[in-house]
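# Structural overview
These are the residues of each chain, in order.
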Amino acid sequence: MNQFSNTTLLKILVKWKLQLGVVLIVSIMLGLIFSSEFFVLPKYKSTAVIYPANLTPYGNETATEQMLQLLQSADIRKSICDKFKLSEHYKVNTSKPGGLSNLYNSFNENVDIRRTEFESVKIDIYDTNPVIACAMVDSIISLMNQKARSLQRSKTLEVVKLLKDEMEFKRAQIDSLESALRVLREKFGLLDYYIQSKEALKRYYKLITENGTKEKLKELDQIMKNLEEKGAESVSLKQMHQKAFETFSEIRTSYDKALSDSRKVLTYANIVAKPYPADRKSSPVRWIIICISALSSLAFALLIIVIAENKERFTKLS
């Protein structure tokens, strides 16, 4: 059974209403004072909402997850701290032990980057200067674009080098095949095995039927001998040359595309909501501070009064 009824509590409130009123007024005044700019600097929020674009995810991650990792990377954080001289702005001495950690803690307290339920990324930055807050949001997006571009370009240049090496290898193979075919043309007179074989047979039958001279028959025998001995080699070399040339053309097409991609200047964020300098502070919310101050002061004062009113009862119970 409760030791104190609602009626008893009401009697206490009526009896001590003046004192409680004073406590309420004092707590409100203290809340107003300690939530003022003299004690708590107002902060302004700048916000941007962005969607990923032109990003190639790795593994099972989504484009949004990749963009989130880029935005939260340590080098972007360092670049922002250096660009806006946040150690001075946040009044953090980074030369002292643990100073850099304190700076990054202050950064994390004022910078909130998170994924939304709609697979976009929301960037909220709080600062005592609304212009700086807005500029920091713009800079983070810009640095993310630069970092994504650098990573993608680096990977593309690796592909460019690989394709260039393959292209040079294939070019050397083609040159070697062309050199071998040149020897067959110049030394053995082999231009096209199938056409020459057909023509040689026609000439052979014609010379026989027309009783051709020995010199012509000897010349024709040498041609047919060359076709017989080097014909298969000639056909094989031509086929290899044709295949190598086709492969070279495919590699060259891929190389040109990769080289073109490496020179592109892309952006990797579609900005849905652009940041702007806020014209109204986001924190502190003074009415919340005043309400919490007033309610906690009243609760504490009421607890003291209840204990004082029931001192004898508590003594007996103990």
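Residues numbered from 1 in each chain as written. Predicted model: local features only at pLDDT ≥ 70, side-chain atom pairs only at ≥ 80, totals over all residues. Heavy atoms only, no water.

## Some remarks on the overall build of the protein chain
When its secondary structure is counted, the protein chain shows eleven helices and four strands. The buried share of the protein chain, reckoned over its 318 residues, is 31%. Across the protein chain, the fraction of contacts at a sequence separation of at least 24, relative to all contacts at a separation of at least 6, is 77%. Surface accessibility of the protein chain: about 21400 Å² in total, with carbon and sulfur atoms responsible for 58%. (Helix = DSSP H or I, 4+ residues; strand = E, 2+ residues; numbered from the N terminus. Buried < 20%, exposed > 50% of the residue type's maximum accessible area, 1.4 Å probe, protein only. Contact = heavy atoms within 4.5 Å. Areas by Shrake-Rupley, 256 points an atom, 1.4 Å probe, with all protein chains shown as cover.)

## A closer look at the packing of aromatic side chains
Ring pairs (aromatic) are described by centroid distance and by the angle formed between their planes. Applying the stated criterion to the full structure yields zero aromatic pairs. When the ring centre of tyrosine 104 is taken as origin, the NZ or CZ atom of arginine 77, which lies over that ring, is 3.8 Å away. Positioned over the ring face of phenylalanine 248 is arginine 171, at 5.5 Å from the centre of the ring. (Phe/Tyr/Trp six-rings, centres within 6.5 Å; stacked < 30°, edge-to-face > 60°. Lys NZ or Arg CZ within 6 Å of the ring centre and 35° of its normal.)

## Examining a nonpolar patch on the surface
A cluster of nonpolar residues, Leu18, Val22, Val26 and Leu30, forms a patch on the protein surface that exposes about 350 Å² of accessible area. Along the chain, the position of valine 26 falls in helix H2 (residues 17–34). Exposure remark for valine 26: the relative accessible area of 40% places this residue in the partly exposed category. (Patch = residues over 30% accessible without salt bridge, like charges linked within 9 Å, V, L, I, M, F, W, Y side chains within 5 Å. Salt bridge = Lys/Arg side-chain N within 4 Å of Asp/Glu carboxyl O.)

## Here we look at helix H6 (residues 99–110)
Taking 1.5 Å of rise per residue, the twelve residues of H6 would be expected to cover 16 Å, and the 17 Å separating its terminal C-alpha atoms lies within 8% of that figure. Among the residues making up H6, those that are buried are Gly99, Leu103, Tyr104, Ser106, Phe107 and Asn110. Here the buried residues of H6 occupy an arc of 155 degrees about the axis, which is enough to place them on one side. (Expected span 1.5 Å × (residues − 1). Arc of directions from axis to C-beta.)

## What about the sheet that holds strand E3 (residues 121–127)?
Within the open sheet, the four strands sit side by side as E2-E3-E1-E4. Their pairing is antiparallel. Pairing within the sheet leaves two strands with one partner each, and these edge strands are strand E2 (111–115) and strand E4 (269–273). When strand polarity is set aside, the average angle formed by the axes of neighbouring strands in this sheet is 25 degrees. Where strand E1 (residues 44–52) and E4 come together, four bridges link them in antiparallel fashion. Following the sheet pairing, tyrosine 51 is matched in E4 by asparagine 270. Strands in contact with H6 are E2 and E3; relative to E2, the strand with the most contacts, it is inclined by about 55 degrees. (Pairing = 2+ DSSP bridges. Axes fitted to C-alpha atoms, helices over the stretch in contact; angles between N-to-C directions.)

## Regarding unusual backbone geometry
The phi angle at asparagine 54 is positive, at roughly 65 degrees, despite the residue not being glycine. Looking at the secondary structure, you find asparagine 54 in the loop between E1 and helix H3 (63–71). Of the residues examined, asparagine 54 reaches a relative accessible area of 43% and is grouped as partly exposed. For lysine 85, which is not a glycine, the phi torsion comes out positive at approximately 50 degrees. As for its position among the elements, lysine 85 is in the loop between helix H4 (74–83) and helix H5 (86–89). For lysine 85, a relative accessible area of 53% translates into the label exposed.

## With respect to the nonpolar core
The biggest cluster of nonpolar side chains holds 32 residues, and the ones touching the most others in it are Leu71, Ile80, Leu86, Ile123, Met136 and Met144. Put simply, the parts of the chain that give this core at least two residues each are E1, H3, H4, H6, E2, E3 and helix H7 (130–188). The element best represented in this core is H7, accounting for eight residues. (Core = buried A, V, L, I, M, F, W, Y, C linked by side-chain atoms within 4.5 Å.)

## As for the pairing of E2
One ladder, built from five bridges, connects E2 with E3; its direction is antiparallel. Opposite aspartate 112, over in E3, you have aspartate 124 as the bridge partner. In textbook terms, the turn of a hairpin is the stretch between consecutive antiparallel strands, and for E2 and E3 this stretch comprises five residues, one of which, glutamate 119, has a positive phi near 65 degrees.

## Considering the pattern of salt bridges
With the rule as written, the count across this model stands at ten salt bridges. Of the charged contacts in the structure, one is a salt bridge between arginine 115 and glutamate 65, with a shortest N-O distance of 3.3 Å. With arginine 115 in strand E2 and glutamate 65 in helix H3, the pair connects residues that are 50 residues apart, well separated along the chain. Residues lysine 264 and aspartate 261 are paired through a salt bridge, measuring 3.1 Å at the closest nitrogen-oxygen approach. Take aspartate 261: its relative accessible area is 27%, and that puts it in the partly exposed class. Among the charged side chains, a network of salt bridges with common partners joins Asp112, Arg114 and Asp124.

## So, the environment of isoleucine 271
With respect to the secondary-structure elements, isoleucine 271 resides in strand E4. When its relative accessible area of 38% is taken as the criterion, isoleucine 271 is described as partly exposed.

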